[in-house]
Amino acid sequence: LEAALGNIARGARIVLCGAISQYNIDGSSGSLKGPRNYMNLLVKRASMKGFVVFDYRKEYNVAIRNLSQWIENGELKHKEDRVDGIDNFYLALMSLFTGKNKG
């Protein structure tokens, strides 16, 4: 985000979605991370808006149908991490919070 803010165009629109690596960080401890150059939003007259996937729940069925078709046709390529065995569940779950997984 910091790199993006450092290079935004005048009037840019930035979309934020997800910050799972910071969900369990206590902001009062000072370890919550954020861009130091957020003032570029002002200088560049830009806007930044967050959303969560639940905002679009009415469109889930259409999205699933389209995404499935695009993957099947090779129009959409994706990477994923797979973990075998229930014994590996905890490490796999924790990798979501550290950014070690691909999805």
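This is a predicted model, so every value here is computed, not measured.

Trainee: Got a minute to help me understand the side chain of Ser-95 in this structure?
Mentor: Considering the arrangement of structural elements, one finds Ser-95 in helix H4 (residues 89–95). Ser-95 sits in the buried class, given a relative accessible area of 15%. Engagement of the side chain of Ser-95 in a polar contact is seen with the backbone oxygen of Ala-92, the distance being 2.6 Å. Excluding anything up to four places from it in sequence, Ser-95 contacts Lys-100 and Asn-101.

Trainee: Where do I start with helix H3 (residues 60–73) in this structure?
Mentor: Each full turn of the α-helix corresponds to 3.6 residues, which orients residues three or four apart in the same direction. For H3, which comprises 14 residues, the first-to-last C-alpha distance of 20 Å matches the rise-based estimate of 20 Å (1.5 Å per residue) to within 8%. Taken from the residues just after H3, Gly-74 is the one with a positive phi, measuring 80°.

Trainee: Teacher, can you tell me more about the packing of aromatic side chains here?
Mentor: Given two aromatic rings, their pairing is described by the distance between the two centres and the angle made by the two planes. Per the counting criterion, the structure on display carries one aromatic pair. Arranged with centres 5.7 Å apart and planes meeting at 85°, the rings of Phe-51 and Tyr-56 form a pair that is edge-to-face. The partly exposed category is assigned to Phe-51, whose relative accessible area is 29%. On the accessibility criterion, Tyr-56 (42% relative accessible area) is partly exposed.

Trainee: Looking at this structure, how should I read the nonpolar core?
Mentor: Generally speaking, nonpolar side chains in soluble globular proteins are found buried as a group. Counting six residues, the largest nonpolar core consists of Leu-5, Ile-8, Ala-12, Ile-14, Leu-41 and Ala-46. Apart from the residues lying within four places of it in its own chain, the contact partners of Ile-8 are Ile-14, Asn-40, Leu-41, Lys-44 and Ala-46.

Trainee: Before we go on, may I ask you to explain the layout of surface pockets in this structure?
Mentor: Where empty space is left becomes clear once a probe the size of a water molecule has been rolled over the atoms. Estimated volume of the largest pocket: approximately 240 Å³. What lines the largest pocket is a set of twelve residues, and nearest its centre among them are Leu-1, Gln-22, Lys-33, Gly-34 and Pro-35. A per-class count over the lining of the largest pocket returns seven nonpolar, three polar and two charged.

Trainee: What should I look at first to understand a nonpolar patch on the surface in this one?
Mentor: There is a patch of nonpolar side chains on the surface, built from Val-52, Val-53, Phe-54, Tyr-56, Tyr-60 and Ile-64 and spanning about 580 Å² of accessible area. By the secondary structure assignment, Ile-64 is in helix H3.

Trainee: What is the right way to read the pattern of salt bridges from this model?
Mentor: Oppositely charged side chains can form a pair if their charged atoms are brought close together. Scanning the model with the defined rule gives two salt bridges in all. Between Arg-36 and Glu-2 there is a salt bridge whose closest N-O contact spans 2.8 Å. One end of the pair, Arg-36, is in the loop between strand S1 (13–16) and helix H2 (40–43); the other, Glu-2, is in helix H1 (residues 2–6), with 34 residues separating them in the sequence. Arg-36 sits in the exposed class, given a relative accessible area of 72%. Residue Glu-80 pairs with Arg-82 through a salt bridge whose shortest N-O separation is 2.7 Å.

Trainee: Looking at this structure, I do not really get the environment of Asn-40. What am I missing?
Mentor: Assignment of secondary structure puts Asn-40 in helix H2. When the C-alpha atoms of Asn-40 and Ala-9 are compared, they prove to be 9.6 Å apart, with 31 residues separating the residues in sequence. Not counting chain neighbours up to four residues away, the residues in contact with Asn-40 comprise Leu-5, Gly-6 and Ile-8.

The rules behind these values
Residues numbered from 1 in each chain as written. Predicted model: local features only at pLDDT ≥ 70, side-chain atom pairs only at ≥ 80, totals over all residues. Heavy atoms only, no water. Helix = DSSP H or I, 4+ residues; strand = E, 2+ residues; numbered from the N terminus. Buried < 20%, exposed > 50% of the residue type's maximum accessible area, 1.4 Å probe, protein only. Polar contact = N/O pair within 3.5 Å; in protein donor to acceptor, adjacent residues only side chain to side chain. Contact = heavy atoms within 4.5 Å. Expected span 1.5 Å × (residues − 1). Phe/Tyr/Trp six-rings, centres within 6.5 Å; stacked < 30°, edge-to-face > 60°. Core = buried A, V, L, I, M, F, W, Y, C linked by side-chain atoms within 4.5 Å. 1 Å grid on protein atoms, 1.4 Å probe; cavity = no way out; pocket = protein on both sides within 12 Å on 5 of 7 lines; lining within 4 Å. Points joined across faces, edges and corners; volume = space filled by probe spheres on them. Nonpolar A, V, L, I, M, F, W, Y, C, P; charged D, E, K, R; others polar. Patch = residues over 30% accessible without salt bridge, like charges linked within 9 Å, V, L, I, M, F, W, Y side chains within 5 Å. Areas by Shrake-Rupley, 256 points an atom, 1.4 Å probe, with all protein chains shown as cover. Salt bridge = Lys/Arg side-chain N within 4 Å of Asp/Glu carboxyl O.

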